[in-house]
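Here is how the chains run, residue by residue.
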Amino acid sequence: MALRRYVCDVADVVAGELRSFTVEGVTWPVLATVLDGAIVVSAGVCPHEDVSLAGGMLMGASVICPGHGYRFDLRTGRCGHRKQLELRRYPVTIVDGQVWVDLL
Ligand code: FES
């Protein structure tokens, strides 16, 4: 059974903006945005050197880390600079206008 946690209301997530939300059981606030009409939620910490991505820039479907400028595709988690790095993405479920993610 998945460990499902509430993130925010659907209305809190906007296309073209990267917003961060505190989630119970997650150390760093997660990131959420809308891509191709779907809400995507990812880890809010860079897998390179533990820098918060909450201050990162959204460019198309990617977030640019403020630490060293690495680009992570929010659809896949892939890093455009180092293939071995991957930004964690959380499975999203929408229930009654609320965004929930599976942590496990
Ligand atoms: S800490 Fe994010 S790219 Fe280095």
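Residues numbered from 1 in each chain as written. Predicted model: local features only at pLDDT ≥ 70, side-chain atom pairs only at ≥ 80, totals over all residues. Heavy atoms only, no water.

If you tally the helices and strands in the chain, you get zero helices and 10 strands. Order of helices (α) and strands (β) in the chain, N terminus to C terminus: β-β-β-β-β-β-β-β-β-β. Compactness check: the chain gives a C-alpha radius of gyration of 13 Å against a globular reference of 13 Å for 104 residues, within 12% of the reference. In terms of overall dimensions, the chain has a C-alpha envelope of 40 × 25 × 20 Å along the principal axes. Buried positions account for 40% of the 104 residues belonging to the chain. Intrachain contacts of the chain at a sequence separation of at least 6 include 37% that bridge at least 24 residues. When the accessible surface of the chain is split by element, carbon and sulfur atoms take 49% of a total near 5,800 Å². (Helix = DSSP H or I, 4+ residues; strand = E, 2+ residues; numbered from the N terminus. Rg over C-alpha atoms; globule rule 2.2 N^0.38 Å. Buried < 20%, exposed > 50% of the residue type's maximum accessible area, 1.4 Å probe, protein only. Contact = heavy atoms within 4.5 Å. Areas by Shrake-Rupley, 256 points an atom, 1.4 Å probe, with all protein chains shown as cover.)

A word on the pairing of strand β4 (residues 38-42). Most of β4 is tucked away, with four of its five residues classed as buried. Relative to β4, strand β3 (residues 30-35) runs antiparallel, the two sharing five bridges. Among the inter-strand pairings, Val34 is bridged to a residue of β4, identified as Ile39. The turn joining β3 and β4, which pair antiparallel and follow one another in sequence, is formed by two residues; a positive phi near 50° is taken by Asp36. (Pairing = 2+ DSSP bridges.)

With that out of the way, let us pick up the sheet that holds strand β8 (residues 89-90). A sheet is described by the order of its strands in space; here four strands give the open sequence β2-β3-β4-β8, paired in antiparallel fashion. In this open sheet, the two strands that pair with only one neighbour each are β2 (19-21) and β8. Sheet analysis places β4 next to β8, joined by two bridges and oriented antiparallel. Bridge pairing in β8 links Ser42 to Arg89.

Scope: geometric values only; no functional claims are made or implied.
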